[in-house]
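Chain by chain, the residues:
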Amino acid sequence: PEPVPVPGAPNSSSLIIQNTSITASSRKGQGGKVYLTADTIDLSHTLILATGDTAGGQIKIGGDWQGGPYLPQAQTVTLDQDTTLNSRTITQGNGGMIVVWSDITNPLGRTIALGTLISEGGKERGDGGQIETSGYDLKVDGITISTKANEAAGGKTGEWLLDPRNITITT
């Protein structure tokens, strides 16, 4: 088994981003890629754009889609209510991908996602994108999600994958 990172240990890392905008967008092509990795990630009052005119980009915070092997997995990821991640397509094309991930196999793994996550298809045509929020302990109270598409132009709504250790749905 892989070692469990210990907060404050010499090899642990933290990434704290506050009051910041990160842009990897394209006015004529596909949106870019923004990958943030560390053991502990905390975003507050932050805007990350990976929008594109022909396709949305990728925003991956704390890991890869469904824990894929390409990015290291965070232990704790926090997005406050004033953080927005946007990988939508502007005109024609499919929405991008947003991942907010912490290690779902580690009992200390925790994802708190309270902000706004947008991965919409283009205004003229295109399908909505993919959003994943995952963590052993997953909190999404008050989150705003959109993977909509222009259905009149044949677009299909995208998906939101919630992947906690256990799930409780309450009013």
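Residues numbered from 1 in each chain as written. Predicted model: local features only at pLDDT ≥ 70, side-chain atom pairs only at ≥ 80, totals over all residues. Heavy atoms only, no water.

Participant: Help me get a handle on the overall build of the chain, residues and values and all.
Facilitator: Looking only at helices and strands, the chain features 0 helices and 13 strands. Counting from the amino terminus, helix and strand elements in the chain follow one another as β-β-β-β-β-β-β-β-β-β-β-β-β. Taking 171 residues into account, the globule formula puts the C-alpha radius of gyration at 16 Å, and the chain, at 16 Å, falls close to it. Overall, the chain is about 50 × 35 × 30 Å in size when its C-alpha atoms are taken along their principal axes. For the chain, the proportion of its 171 residues judged to be buried stands at 46%. In the chain, 76% of the contacts between residues at least 6 apart in sequence involve partners at least 24 apart. For the chain, the exposed area adds up to about 8,900 Å²; of that, 49% sits on carbon and sulfur atoms. Mean positive and mean negative side-chain charge positions of the chain (12 and 17 charges, respectively) differ by 8 Å. (Helix = DSSP H or I, 4+ residues; strand = E, 2+ residues; numbered from the N terminus. Rg over C-alpha atoms; globule rule 2.2 N^0.38 Å. Buried < 20%, exposed > 50% of the residue type's maximum accessible area, 1.4 Å probe, protein only. Contact = heavy atoms within 4.5 Å. Areas by Shrake-Rupley, 256 points an atom, 1.4 Å probe, with all protein chains shown as cover. Lys, Arg positive; Asp, Glu negative; His and termini not counted. Charge placed at Lys NZ, Arg CZ, Asp CG, Glu CD.)

Participant: Let's hear about the layout of surface pockets: which residues, and what values?
Facilitator: Gaps left between atoms are located by rolling a probe of water-molecule size over the structure's atoms. For the largest pocket, the calculated volume is near 330 Å³. In terms of lining residues, the largest pocket is bounded by Asp-137, Leu-138, Lys-139, Val-140, Asp-141, Leu-162, Pro-164, Asn-166, Ile-167, Thr-168, Ile-169 and Thr-170. Residue assignment for the lining of the largest pocket shows that the elements contributing at least two residues are β11 (137-139) and β13 (159-164). With 3 residues, the single largest contributor to the lining of the largest pocket is β11. Along the lines of polarity and charge, the residues of the lining of the largest pocket split into 6 nonpolar, 3 polar and 3 charged. (1 Å grid on protein atoms, 1.4 Å probe; cavity = no way out; pocket = protein on both sides within 12 Å on 5 of 7 lines; lining within 4 Å. Points joined across faces, edges and corners; volume = space filled by probe spheres on them. Nonpolar A, V, L, I, M, F, W, Y, C, P; charged D, E, K, R; others polar.)

Participant: Can you explain the pattern of salt bridges? Please cite residues and give values.
Facilitator: The final tally for this structure, using the stated rule, is 3 salt bridges. For Asp-64, the salt bridge goes to Lys-60, with nearest N and O atoms at 2.6 Å. Side by side, Asp-64 and Lys-60 carry an identical accessibility label, which is buried. One salt bridge in this structure joins Asp-137 and Lys-139, with 3.8 Å as the shortest N-O distance. Assessed through its relative accessible area of 34%, Lys-139 is described here as partly exposed. (Salt bridge = Lys/Arg side-chain N within 4 Å of Asp/Glu carboxyl O.)

Participant: With reference to specific residues and values, describe the pairing of strand β8 (residues 110-113).
Facilitator: Bridge count for strand β5 (residues 76-79) against β8 is 4 bridges, and the pairing is parallel. Residue pairing for β8: Val-77 is matched across the bridge by Thr-111. In this sheet, β11 lies alongside β8 in parallel orientation, the contact comprising 3 bridges. Opposite Thr-111, over in β11, you have Leu-138 as the bridge partner. (Pairing = 2+ DSSP bridges.)

Participant: I'd like a rundown of the sheet that holds β13, residues and numbers included.
Facilitator: Read across the open sheet, the 5 strands follow the order β2-β4-β7-β10-β13; overall the sheet is parallel. Each having just a single partner strand, β2 (33-36) and β13 make up the two edges of the open sheet. Taking each pair of neighbouring strands and ignoring which way they run, the sheet shows an average axis angle of 5 degrees. Of the pairings in the sheet, the one linking strand β7 (residues 97-101) to strand β10 (residues 130-135) comprises 5 bridges and is parallel in character. Within β10, the residue paired with Trp-101 across the bridge is Ser-134. (Axes fitted to C-alpha atoms, helices over the stretch in contact; angles between N-to-C directions.)

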